[in-house]
Structure formats: C-alpha cells, structure tokens
2 protein chains.
Amino acid sequence: MNVRIKWLRNQFNSLNIDGMIVSNPVNVRYLTGLSEEGFLILAPKENIFVTDSRYIESVNRKLTIDDEIIAYNVKDLSKYDYEAIFMTNENVGFEENYVTYEKYKNLLQTYQVNFVETENLIENQRIVKDEEEIQNIRKACEITDNAFNYIINNISEGMTEKEVAFEIEKHMLLNGADGIAFDFIVAFGENTSMPHYVPSDRKVKKGDIIQFDIGCKYNGYCSDFSRVVFVEEMYDKYKEVYDFVLEEQKKTSSALKLGANVKTVIKDRETDFKLKNYDVLHAFGHGVGLDIHETPVLRSNKDYILKENTVIAIEPGVYFSGKFGIRIEDTFLVTRNEAISLTKSSKDYTIIKLK
Amino acid sequence: MNVRIKWLRNQFNSLNIDGMIVSNPVNVRYLTGLSEEGFLILAPKENIFVTDSRYIESVNRKLTIDDEIIAYNVKDLSKYDYEAIFMTNENVGFEENYVTYEKYKNLLQTYQVNFVETENLIENQRIVKDEEEIQNIRKACEITDNAFNYIINNISEGMTEKEVAFEIEKHMLLNGADGIAFDFIVAFGENTSMPHYVPSDRKVKKGDIIQFDIGCKYNGYCSDFSRVVFVEEMYDKYKEVYDFVLEEQKKTSSALKLGANVKTVIKDRETDFKLKNYDVLHAFGHGVGLDIHETPVLRSNKDYILKENTVIAIEPGVYFSGKFGIRIEDTFLVTRNEAISLTKSSKDYTIIKLK
C-alpha cells in the first residue's frame, strides 16, 4: 500500500470512521495514480477501485500487487456485494464537497452505513507537495516558459488572439505537456481590461498591449502564468501600472513564506490598491497542483497559515474598464524565507516585433 | 421574459414550488443565454442572476430590459438580502443532481426555505431541441465534417497521434468553432482497441488503421463524430468488422424515430453483438446538445420513448483487446420516420495516402 493511502487510513481513527469512499477523480488520482474513471472504496479489510468496461483493462495493467487495490468492473458488482463491503451502521467517510445531494442519497441506499463528512481531508493534505510533485510542477512551468518564449518571437502581422492561443497550446503539447491547465487568455489592446476574457478573432496591431494567461499540465500537475508584452512600442501610460503590479507581486511573494498568514499579507496588498484607487477584481492568487485552483485562495478574508512546499500562483492585476489591464502571474514554491518562482520568464518591459 | 424561463415558471405549480435556484451553468446558459459564472434565482417576484466582479460588467452588457433579469455582484448581497428573496418556509426547487451535499446544507442556511428536488426538470426539457438549437448543432457538425475532410488529406509521414489531434482542433477553431466538445481520440494501429484512448507520440505508419473520435462546439452546442480510415492499404481482416459496425449504426438510426423505445432498439443490437461473440464495451450512444453527453443514453436498460427533434450520437463499436477496434459515430436528429445524420462524411472504406 502506498504512503498516501496509508496516511489516509491513519486518519480514520481521529475522524471516527471505519472506511471512506473517495469519489473526486483528482483525489483518486492523488491516492492511487489512476486517472481512469471510477471511485475508490477504502473498506476495513481492503482497498477497492470500481471502474467500468471501458477502463478495466488499463486499470489492471497499471495496478501491481504492492498497490493492494482490487479493481472491479462495476457491472460485476451486485447489490449484495456493495452491502457486504461495510458492516451495517459502520461510519464511512464521504466527500461532501464533491458528492451531489442525489448521489449522497444513493450512497445511503447502496451501502446501508452512516456517512460522515470528511471536510476536504484529502484536498488539505494535497496542499503541501512532495518532491516528485514539485518536480512535475517545475516541468509544467518549464514547458510554459518555453512556449511563452516561443510565441513572443513568433507573432506575425495579422494574427488573431485565437491563433496565438492556439500556437501556444501546440507548442506545449508537442513539447511534453499532457494537456493545457485551463482555457488560455490571450487578449489584445482594449480586450486586456477583462480579467476573464475569451480569445476572439481580433487581429494584433502595432502599439497593442497583449495579455497572456496560460499554463499546462505535466503528469497531471499544473502551471499558471501571466505576462503582458507590448507590440513594437510601449506607451508611457502602461509603465506606472506595470511597475505597480510587478511591485505588488514581489511584495506578495516575499511575504508568503512558511508561517505567514494569507489574510495579513493580502490585506496589506489591498491597502496599496486602495491608496491608488484601483479596484481589486479578483483574488491575488491560489494554490496550484493537480487542480489549477487549490487551497489556499489568496484573499484578505482567508485566515490561513502557510506551510512549506505549498505551491501557489500569485497574480495581482489592475484593470481599467474598456481601456486596458495588466496582470503578472507566476507559479511559486513556498519556502522558509519567501515564495520562490518556478516560472522563470523575464518580467522586464518586453516589446516584441511582429514577424 | 424569454419562453424558456416562462416555461420553467409554468412548471412551479405542478411541482408545488414557489421558486427555484438554478446552479448548473449549462442550465443557466439554456435559460438565460449567459455563459458567465453565476447562478439564477427564480423568485416569486423577480429573476435574479448572481455573479461576481469578474463578470458583472459583461453580464450587464448582455441583459436587456426584456430579459427581466436583475444581475447582482455577489459582494453586494448581504445575509439579509438572501433571506428576503423568499418567504420563510416557502418551497424552493433546487438541482439535486448538480448541487453538492455541502452546498445543499449552505442553501438551507442561506435561504431559510424548504428545498425541493426537481428531478432533472431542465435537463429533460433540453432533450428536445428547437430550430435555433438544431441549427447550432448542424453548424458544429459541418465544422467537424470539414475538419475531418481536411485531416485525412493532410496526414504526413511520421505525424504522431497528438499532432493529428492538434491539427483537427486547429482547423475547427479557425473555422468558427467556439471550442472542442471533448478531448479528442486519435488512435493509430493497435491503440484503436481502447475505446477511451488518449493520443500519444505514436507515429503513423503504412497499413495502420486510424480511429478518430472528434467534435466541436458552436454557440455552445456540440457535435460528436467517429470514423476509422486506413493508411495506404486496408487489410481484409478489417472489412467484416467495419461492415458489421456500419450495419449496426444503420439499424439503430432507422429504428430510433419518434415513439421508439430505446430499450427495445438497443436490446436488438446487443443480440446482434452476442451472435457474433462481440463484447458491448460502451453505450450505443447518447443525447447531444449543450452537453456532449445528455439524456437519453442508448442502453438496453433505458426504458425511454424518443421524441421528435431529439439529437443523439449513435456510436456502435467493436474492440479486440491489444489488436484493433472500429467505431463509427454520427450526430443524428430524431424525426417521425428515422434518425437523420447531421454529420455527413462518407462511410465508405476510406484509404488515405500519406503526404
């Protein structure tokens, strides 16, 4: 049995549960390495992965004797098999933040046990990354840096936001990424004023500011990264905002170290925004891992003490409705002294030439 | 107020509810046209869309007076505002198949009302498409056919499954698709034996069978489409299976007309599979619309009577573990006489030349 499942089983006593049903596929992957559809039952006497005909072959190929996980095809399990997994009235943990209300009612019927909320037990364990997870995130960050470096040297006259987004994705996928971590934002000119913009057929032109917000996955682990660059020339109006955003990111990453409280750090940042009369349109960042958005979210109402080896994206942004916006974002590793950037692209003013 | 929200409000009486909270973003889009994050409250006296700072500007730009929907930024609503939306102990519908158990508990606390299950009320209404929805799906199908026609004429020596998948996506996005409808399957040779394969770096070679399973979105509406083609030559062993799968798809589409019971039709197909000793590894198809997988799923245990203007993907497939597989799939429109294919690509044996 691997260390993660052992760890989870060791929590059962303090939660007063005899077993757990893990339904969230990201948590299943974290615990088992399996990315096939299915769910995991940690029963008193065994670990069971229930999948279906589409995946049973590939699951059985991946599992070894050391995993101590038995895989079943859902169609081979009867009502009585499910009832026999736990004893009647045993306490069984479930994921109340993932399971729908309807599914919860089905669980009650299927297993005839007492279901107990587990309060993001696995998600909270996922916050602190081990060495292998950090390596995966580093690799996702490296692929992202390389794709960014490629694209800013390969935007040609007349390219649209969609085309640019597409070339970035292609570069990532052909250079080792499993997939993209989220739908990219590539915004030209006035479109940068919307923090959650969707790329359009708007063509690039001289004098444009370009906002990128991109990231990929490597072995399931995400990177998250944003930059702005300027096309052929950079107008002075951008400089003050750019410098402010960059300075805010630096202040945040210096402060977000082992033992720091997210609330205090982000409150200070919001004060800076207020002094400038800038609106805070979104959180200052978020945890990154198997999910692109993980705990902790960087908001001034989050009383959260940071742990070492937490990975977080820090992404301050300032937006002027209908005019422009600037967001700078890197994926950081929390250490004893500061948060260290895992994405490495330059944050100097970057003026690109169209090809 | 648009016809869809009017329709929903007209259901309240028979469900014995005074209002409804719509949380599923696809249902919100269906009812309002809004694709921004948020949720919809149909209260006794008004329709409310609650979103956040990231989206409030674009939501307010889209809504007109005729929508009769008031948009709020979540940060401007207090505990008391929520409590004032309904009267204490009113019956309010919620989506028990979308809302998590934890969120359900929060709803109870926030609104102080009796929550009532709505049993996929909106999803069931979405099954039958109106003219505009069918046009959107037709367009998604046309973009898919065109991308398929493009790719089978543009696979070159040494291309990988990933690269081919990528070129299809690019063709779709640059020819009007909003996005892809699901992660594509492009499988070469022996990889076709896995119905839910993920594209790898395997390079194409002469004699390969290639399985495509692709689809895109247009105005939010999906297409779903699968074909196999053969590289430079087609071995005889493939012909019998190809003919069988194609014949099964034809039999299914002829039978799936207004008033047909899915159960009866698919039972007949499964008998054909059994006579040949072929395993049934997945459903014969599924509804298609704003979601790629909608009701009805085409399984022999689904007692479901088809309605006109339902859109379904029909996708029989036969797989030989470790050897090869063949699946043929089109998106169909259910009519009075049969299901008519909206994807139009040829289903003759297709042998492609590498460029």
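Before reading further, recall that the structure is shown in the block above.
What you are looking at is a predicted structure, and each value in this text was computed from that prediction instead of being measured. (Residues numbered from 1 in each chain as written. Chains lettered and ligands numbered in written order. Predicted model: local features only at pLDDT ≥ 70, side-chain atom pairs only at ≥ 80, totals over all residues.)

### Considering the sheet that holds strand β6 (residues 114-117) of chain B
All names here are of chain B. The following threshold applies: What makes two strands pair is DSSP finding at least two bridges between them. Comment: elements are numbered from the N terminus, with helices defined as DSSP H or I runs of at least four residues and strands as E runs of at least two. Working convention: axes come from line fits to C-alpha atoms, limited for helices to the stretch in contact. Angles between N-to-C directions cover 0 to 180 degrees. Think of it this way: build a C-beta for each residue from its backbone, and any pair within 7 Å is a contact.
A sheet is described by the order of its strands in space; here six strands give the open sequence β4-β3-β2-β1-β5-β6, paired in mixed fashion. The sheet is open, and its two edges are formed by β4 (69-73) and β6, each paired on a single side. Here the strands of the sheet are splayed against their neighbours by 25° on average, with no regard to which way each runs. As judged from the four bridges shared by strand β2 (residues 39-42) and strand β3 (residues 47-51), these two strands associate in the antiparallel manner. If you follow Leu42 over to β3, its bridge partner there is Asn47. Sheet strands touched by helix α5 (residues 101-111): β1 (19-22), β5 (91-94) and β6. Its angle to β6, the strand with the most contacts, is close to 140°.

### Looking at the interface of chain B and chain A
Selection rule: Polarity classes work like this: nonpolar for Ala, Val, Leu, Ile, Met, Phe, Trp, Tyr, Cys and Pro, charged for Asp, Glu, Lys and Arg, and polar for all others, with Gly in that last group.
Across the contact, 25 residues belong to chain B and 25 residues belong to chain A. Where the side of chain B that touches chain A is concerned, the elements lending two or more residues are α3 (56-62), α5 and α8 (161-173) of chain B. When residues in the side of chain B that touches chain A are grouped by element, the largest group, five residues, is from α8 of chain B. A class-by-class count of the residues in the side of chain B that touches chain A yields 11 nonpolar, seven polar and seven charged.

### Observations regarding the nonpolar core
We apply this condition: When buried Ala, Val, Leu, Ile, Met, Phe, Trp, Tyr and Cys residues are joined through C-beta atoms within 7 Å, the set is termed a nonpolar core. Using C-beta atoms placed from the backbone, we call a residue buried if 20 or more other C-beta atoms fall within 10 Å of its own, exposed if 12 or fewer do, and partly exposed for counts in between.
Ranked by size, the top nonpolar core spans 177 residues in total, and within it Ile312 of chain A together with Ile312 of chain B carry the most contacts. Setting aside its immediate chain neighbours within four residues, Ile312 of chain B contacts Leu256, Gly285, His286, Gly287, Val288, Leu298, Phe332, Val334 and Ala339 of chain B.

### Digging into the packing of helix α7 (residues 131-152) of chain A against helix α8 (residues 161-173) of chain A
Residues and elements named next belong to chain A. For clarity, the cut-off: Here is the rule for angles: anything less than 35 degrees is roughly parallel, anything more than 145 is roughly antiparallel, 65 through 115 is roughly perpendicular, and the remaining ranges are oblique. A clockwise turn of the near helix away from the far one marks a right-handed crossing, whereas an anticlockwise turn of less than a right angle marks a left-handed crossing.
One can describe the packing of α7 onto α8 by two numbers: an axis separation of 9 Å at closest approach and a directional angle of 135°. It follows from the interaxial angle that α7 and α8 lie oblique. In this structure, α7 crosses over α8, and the sense of that crossing is right-handed. The segment α7 lies against α8, with Ile143, Thr144, Ala147, Tyr150 and Ile151 engaging Val164, Glu167, Ile168, His171 and Met172. Class assignment of the residues belonging to the contact of α7 with α8 gives a composition of seven nonpolar, two polar and one charged.

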